[in-house]
Amino acid sequence: MKGLLLCCLVALAASQSLRYELGLNPKKTYEYKYVGTVNFGLGISNLAESATRISCRIKIIGVSQQTFLLQVSDFSFEEFNGVEGKDKFNASPKLTERIASQFVKPFMFDFVAGHVDNIRSSAEISDTIVNIVRGILASFQVTVKTTQTIYELEEAGIHGKCQSSYATEINGETKVMSITQVVDVDNCREKAVKYKGMATAVLDQVSRQRGESVVSTVRSVYIVKPTAEGGLITRAHSLEQQNFSPFNVKGGSMKMEATTEMVLLSVNDTAKAPQFGSMESKGNLVFKFVDAEVNVPIIMQNLDNPISKAAELIKQLAEVNRYQIDSTTSEDTIKLYQLLRVIPYEGLNVLWKQFAGNEEQRRWFLDMIVEVNDARILKFLKTRFQAGDLSSREALETLLLAFDHIQAIPDLVEMAKMFLSIPFCKSNVYLWQTVVLSYGSLVYKHCAYNTPCPVSAVQPLLDMAQESLRTGNHTDMVLALKALGNAGHPGSIKTIMRFLPGVAATPVDLPPRVLSAAVQSMRLIAARDPQRVQEITMSLFLQKNLPTEIRMLAFMILFDTKPSMALVNIVTVHLQEEEDLHVISFAYSYLKSFSRSTTPNNHFLSTACNVAVKILAPRFGRISYHYSKAVRMDWFNDDFLIGTAAEVFMLRSATNVFPTEMMMKGKFYFIGRILQLLELGVRAEGLMELLANDIPGYKGDLSVSDFQAVLNVVKNWEILPNDKPLVTAFSRASGQEWFFADLDKETVKNIIRILGLSAEKDSPLWAVIENLQRGVSRHWTKPFLIIEVRYFQATILGLPLEISKYYQTISGVTVNAKVTANPPLNGQLQQLLTSEVSLETDGFIGFTKDFWVYYGINTELFQCGSEFKAKTPLAIPWNVTAKINVAEKKFKLDFPACKKEFAIYSVSSNVYAVTRNIEEPDLAKMTPIIANSFISNDKVIHVDPAVVRPDSNQTVTPNTWHQRAKTCAESNIYGVGLCVESEFRREYYHDEYPLYYFLGYTHMAVKIVPVPTTDPVDKIHFEFNGSPHGQAVSMRQLLETLRRLSMEATEWVHQSSDSDSSVRGFHSYYDNSTEGKNPMPKEVFNVNAFALSVDQKLNGYNVVFYSTRTPNVKSTQLIVSQIGENINWKMCIDTFMKPRVETMANIRWGAECQSYEMSIHSETARLPGAKPKIKARIHWTRIPENLAEVCTRFERYIPGMALLLNFYQKHEINAKQEISASFIVTSADSIDIIIKFPEYTVSRQAIPFPLPPTTYQSYNVTSEAQQ
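Caption draft 1: Here's a closer look at the pairing of strand S20 (residues 673-683). Pairing between strand S12 (residues 201-203) and S20: 3 bridges, direction antiparallel. Within S20, the position partnered with Leu203 by the bridge is Arg673. With 9 bridges connecting them, strand S19 (residues 661-670) and S20 associate as antiparallel partners. Residue pairing for S20: Tyr669 is matched across the bridge by Ile674. In textbook terms, the turn of a hairpin is the stretch between consecutive antiparallel strands, and for S19 and S20 this stretch comprises 2 residues, one of which, Ile671, has a positive phi near 35 degrees.

Here it is as structure tokens:
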């Protein structure tokens, strides 16, 4: 009994000494087997995937109580590219050897209570290898609690500082603990992620609530055996799953699945103390991103000897794109970018010296070097600017793109300041503007990644603004304010306020263009410090003594801050008391546009604006379109997570007939971000001063006489002050202003001096003409990396996951031209108007655009992932001979016959499973995810057997679709045709919508093709004669034609008009013409379009236009005749018009214009006391069957379109073979529409429509007179 009791006590003591909290014995050696795999694809069998697998043995040897060595051996690297079940992993011996060589030396780490820290290695070990070690050690990172079975905590791991959820269970028999850990990777407080190229794409948190484009989860299971030293992990399995889509992951996604498996092999006593050399700290377990500027994900090449390789590539690209764009080599530009990024600064100077003397290669080098996005490009440009060996144009283009693509890190921002003080930068006004604006843009990007952003970054611009205020230089003020607007730094608000009336401590009297620049300089600050901007803009908006334009701009910026419901209500109250109709109209139209907004970022604002509109609508809902307006239209789709928005602003004032300022801008919404597209604006302050007073002869109905009256006033532009521009234009891209220009008096004078017909031989234009007479050959190409957007995230293997988008274009123009004049020019440009000028020219214009989306692992050693690749070339060649005689109004063109087929535009794309490694870059493998071996068919084919998803029990059937189509429009007269061909291969699943639209091979092309002709075509001849000397037909023939027209006109006018007077007038008019009482029809112009054969036979078309004018009636005839043997096809179009009363047209075509016929009649009604009305009818008697079929198909859509456009539909029997429409003016800015079809009528009342002021005023005056 005592023995039994003793045994129980011993067992109890032993059990109490066993611990689950993780720990390692420093006197033992632990050996594990480790395997890590990462796979990319759709997660569906029979579709291609790519994968990487690494495996090794690891030994953990104690150094001290908390410090351990990690030794890696038997390392293996394998790649997979193909279809699961059909293909297998392939070993890569060369890459295995290269990576294994860095695992020869051990690693060291600290390990305390299941937490890894302070990883150390030899200095020469690359960051990529250290990250792989982090992935291995992540299998030991687990927090064990024995007092709770379910618990949550925030802890550091390879993905960053994230929330982890644990669940534990102990086996009652074996005492082994099973731990399940789930990490919420998407909501880490300090996440191991990195962005590049998205600084100007504003984050939209509300959009992310509608769906995500990337969703990740990590689940790990640990088996822990308790020991006296602490819990020992005997097995660890981790699974990371990620779904990615360019759209909403709810509608299908690409999938990444990463797994790690670590199994304990043995535990032994350490025989001897381990030996290791010097080590340096590499940080904790959190993934550290490698400088990935060089690791371009869509290519992999050997980067040895980069200078010579880059030089050779520049020569090749310059040569193959010399005459046209070579789309087969356009992707080599990406290779060149990568090579340039590894070349040291001294190497860039070597390349410059090599290419500076060759115009073509020099241009390519300067265009490509802008992608060296670090200190080297700044040093290179500084050297060039100081040496003065770049032209102003070269300097402007290179600096603009270099600043746009440079890394916005503190050191480079500080370094970029030097360009603000280099004298060369001020040698040209547009270069100086580019330097200042580009620096502001760089500050904005810097602040996007650094919060709070130091004021020192924007200080040079603040100094410029303050200095311009001190000197009173308005031009410098505008430039400084525009640069501050680009920077968008909240610290610049105090300086900006000094330019604004009512908020400045010391008010300064400034012109509207400076005030406009000051208000707009807050547009980007609105998102960073909305409360402060709201205070300023609200104050400006409420100052009724300010110029109307400035108040409206302040209102516009106020709504950029996304004001609250309360603030919108305050604005609404003040608008009810507003007296300026321009301010009211602008504000109300903007509120109304926002009330209809569907984009996520305006979700709350649209609700507030909707309430405001309902309050304001009774008073301001019908305000005229002739006041200032702000119009916004937008669209957003939750399935695609994509949307667009467009805004147009027209700012007027009470003293100006025309808008003082106009702006338009667009936005693009995608995957939770907002990108501002191109924005254009025009200010016409100086021009408006001329038009501010009453304009003699201006009626306001936008007639020809109105425009002539305005033109007469504008001719007095020379009376304006010299320092005030007539017109100012600006452009912004991605929210950043990159260009603005003032058209001042001096500029206008120079333009007139250069382009005026009185210019003599000292004119630059004359030098161009002399060169054209000798013959010129010009060529221009422009490679441009439009988009490089990259997102990096850690994976459990310690490998960086990258999602990247690249958009590269090469544009080019080649022109060869020679001009001769008869008689020869004698030095006066005016002689061009009296000589016959002949031009012979050939050339090419086009571009090739390449677009990639990469989703996968990307390191300097290997790549593995999915890649979408698209290519879009445009190629338009020409070969034309032209003769122009301005005095005689003659114009002739000759084109060579089409001899061979060529594509003018095409689009091709596919999605691939890709694997590449640096040891064998030429053996990179790209397998289409969807196989090419489909049977061609125009229908959808359901293919068995059914497919079972690996992550569910749901059985889904794929739809395999392979469609080829070709449609051509051919002319056997001219021997040329236009063809559109397409081919699509898809294998899709309905629950993968909309992703499957883009998965598979796509090809579309527009081609010019030769077409067989009866007579061989030598050339195509086009001729326009605007001053014909002779009649195309004899007088007798013309009179007979008019008599026949008179008889036919009577019939179709009866069909088209309810007015007997119209019939009588029309009939009488033609009777008088045939009897010689009215002027005879005059030939206005004729056009010939012929195909000329070798024996000079003519085939083609002749067009003759006749016109007859009397004081009250205008009549025209257009006759189109086909020319050729035994051909009598013609088209005759006759019109009869009484200005502002009615218009009639009769169209006949076929053999001698007799086969088919239709007529059109419209008239206006302005009866006393009635509302103005326009009535129109289309009547047909005989039309071709194919045209009738098209009209019948179109008619089927009318009811649906009517419903969509809020039209009322009523079924009733109307006139057959006729469609009529009535437009009734019901108010100053609205109309009613009634449209009658043969079997039903659609109508809508009070449709908003801008009308000339006189339209409704005349009706009101008439009505009042009747009363």
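Caption draft 2: Quick look at the state of the cysteines. Scanning all chains against the criterion turns up 4 disulfides. Each sulfur of the disulfide joining Cys162 and Cys188 lies 1.9 Å from the other. Here the S-S torsion is close to 95 degrees, and the disulfide linking Cys162 with Cys188 is therefore right-handed. Note that Cys162 is positioned in strand S8 (residues 160-170) and Cys188 in the loop between strand S9 (177-183) and strand S10 (190-191), a separation of 26 residues in sequence.

Caption draft 3: A look at the packing of helix H18 (residues 530-542) against helix H19 (residues 548-560). Running from N to C, H18 and H19 cross one another at 150 degrees; their axes reach a closest spacing of 8 Å. Taken together, the axes of H18 and H19 lie roughly antiparallel to each other. In the packing of H18 onto H19, the handedness of the crossing is left-handed. Residues Val533, Gln534, Thr537, Met538, Leu540 and Phe541 of H18 pack against Arg551, Ala554, Phe555, Ile557 and Leu558 of H19.

Caption draft 4: Spatial organisation of unusual backbone geometry. Residue Thr451 is joined to Pro452 through a cis peptide bond whose omega torsion reads -5 degrees. Cis geometry is adopted by the peptide bond preceding Pro823, which originates at Asn822 and carries an omega value of 0 degrees. One can find Pro823 in the loop between strand S24 (800-822) and strand S25 (836-858). One non-glycine residue, Ser734, lies in positive phi territory at about 55 degrees.

Caption draft 5: How the structure looks around the nonpolar core. Within the largest apolar cluster, 138 residues are counted, with the highest numbers of intra-cluster contacts made by Phe380, Phe385, Phe419, Phe559 and Leu591. Contact partners of Phe385, with chain neighbours within four places excluded, come to Leu390, Ala395, Leu399, Phe419, Ile422, Phe424 and Cys425. One finds Tyr166, Met198, Cys864 and Phe868 within the second-largest nonpolar core, a separate group that totals 85 residues.

Rules used in this analysis
Residues numbered from 1 in each chain as written. Predicted model: local features only at pLDDT ≥ 70, side-chain atom pairs only at ≥ 80, totals over all residues. Heavy atoms only, no water. Pairing = 2+ DSSP bridges. Helix = DSSP H or I, 4+ residues; strand = E, 2+ residues; numbered from the N terminus. Disulfide = S-S within 2.5 Å. Axes fitted to C-alpha atoms, helices over the stretch in contact; angles between N-to-C directions. Parallel < 35°, antiparallel > 145°, perpendicular 65-115°, else oblique. Left-handed = near helix turned anticlockwise from the far one by under 90°. Contact = heavy atoms within 4.5 Å. Core = buried A, V, L, I, M, F, W, Y, C linked by side-chain atoms within 4.5 Å. Buried < 20%, exposed > 50% of the residue type's maximum accessible area, 1.4 Å probe, protein only.

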